[in-house]
Amino acid sequence: LCVLALRSVAFVPAPSVPRSVAPATAAALAAAALPLAANAADEFLEYNMAGEFTTFMTGGYFVVTLGYTAISFVSYLLLTKLKII
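Residues numbered from 1 in each chain as written. Predicted model: local features only at pLDDT ≥ 70, side-chain atom pairs only at ≥ 80, totals over all residues. Heavy atoms only, no water.

Asks: I'm lost on the overall build of the protein in this one. Help?
Replies: When you go through the protein residue by residue, the secondary structure sums to three helices and zero strands. Its helices and strands taken in sequence order, the protein reads α-α-α from the N to the C terminus. Counting every position in the protein, which comprises 85 residues, the buried fraction comes to 0%. Accessible surface for the protein amounts to roughly 8300 Å². Of this, 73% is attributable to carbon and sulfur atoms. (Helix = DSSP H or I, 4+ residues; strand = E, 2+ residues; numbered from the N terminus. Buried < 20%, exposed > 50% of the residue type's maximum accessible area, 1.4 Å probe, protein only. Areas by Shrake-Rupley, 256 points an atom, 1.4 Å probe, with all protein chains shown as cover.)

The structure is reproduced here in structure tokens:
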């Protein structure tokens, strides 16, 4: 029963496309994309997450870790002075 259900749902015949339309469509798409590929700008974009260490990433690391350390210390100090923990 499961085999019959999978056969009827999983394997659908390919859509019928007239043979004269498919090559014309492929040629039109190739011709339309050609000018864009020929005129593409070759410029280098700075990307911070490319894997190398940058000054921005190193500075951000210290700012974030020191900031969260200060928040944690102040929170712990207040909670112990108020005798909550």
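Asks: Would you mind going over the packing of aromatic side chains with me for this structure?
Replies: Pairs of aromatic rings are described using the distance from one ring centre to the other and the angle between the two planes. Tallying each qualifying case throughout the model produces one aromatic pair. With centroids separated by 5.3 Å and ring planes inclined at 75°, the aromatic side chains of tyrosine 61 and phenylalanine 62 adopt a geometry described as edge-to-face. (Phe/Tyr/Trp six-rings, centres within 6.5 Å; stacked < 30°, edge-to-face > 60°.)

Asks: It is not clear to me how the confidence of the model for the protein should be interpreted in this structure. Could you clarify?
Replies: Note that predicted coordinates carrying low pLDDT should not be read in detail. For the protein, the mean per-residue pLDDT works out to 77, and 55% of the residues sit at or above 70. When pLDDT is averaged over each helix and strand of the protein, the minimum, 63, is found for helix α1 (residues 2–10) and the maximum, 95, for helix α3 (residues 55–81). (pLDDT = per-residue confidence, 0-100.)

Asks: Explanation requested: a nonpolar patch on the surface in the structure shown.
Replies: On the surface, Phe73, Val74, Tyr76, Leu77, Leu78, Leu79, Leu82, Ile84 and Ile85 cluster together into a nonpolar patch covering about 930 Å² of accessible area. By secondary structure assignment, the location of leucine 78 is in helix α3. (Patch = residues over 30% accessible without salt bridge, like charges linked within 9 Å, V, L, I, M, F, W, Y side chains within 5 Å. Salt bridge = Lys/Arg side-chain N within 4 Å of Asp/Glu carboxyl O.)

Asks: What is the right way to look at α3 in this model?
Replies: Residues separated by three or four positions in an α-helix point in the same direction, a consequence of the helix having 3.6 residues per turn. Taking 1.5 Å per residue, 27 residues should reach 39 Å; α3 reaches 39 Å between its end C-alpha atoms and fits that length. At the exit of α3 stands lysine 83, carrying a positive phi of roughly 55°. (Expected span 1.5 Å × (residues − 1).)

Asks: I tried to follow unusual backbone geometry on my own but got confused; where do I start?
Replies: As a rule of thumb, non-glycine residues mostly have phi less than zero, and peptide bonds are mostly trans rather than cis. In this structure, lysine 83 is a non-glycine residue whose phi angle is positive, near 55°. Relative to the helices and strands, lysine 83 resides in the segment after α3.

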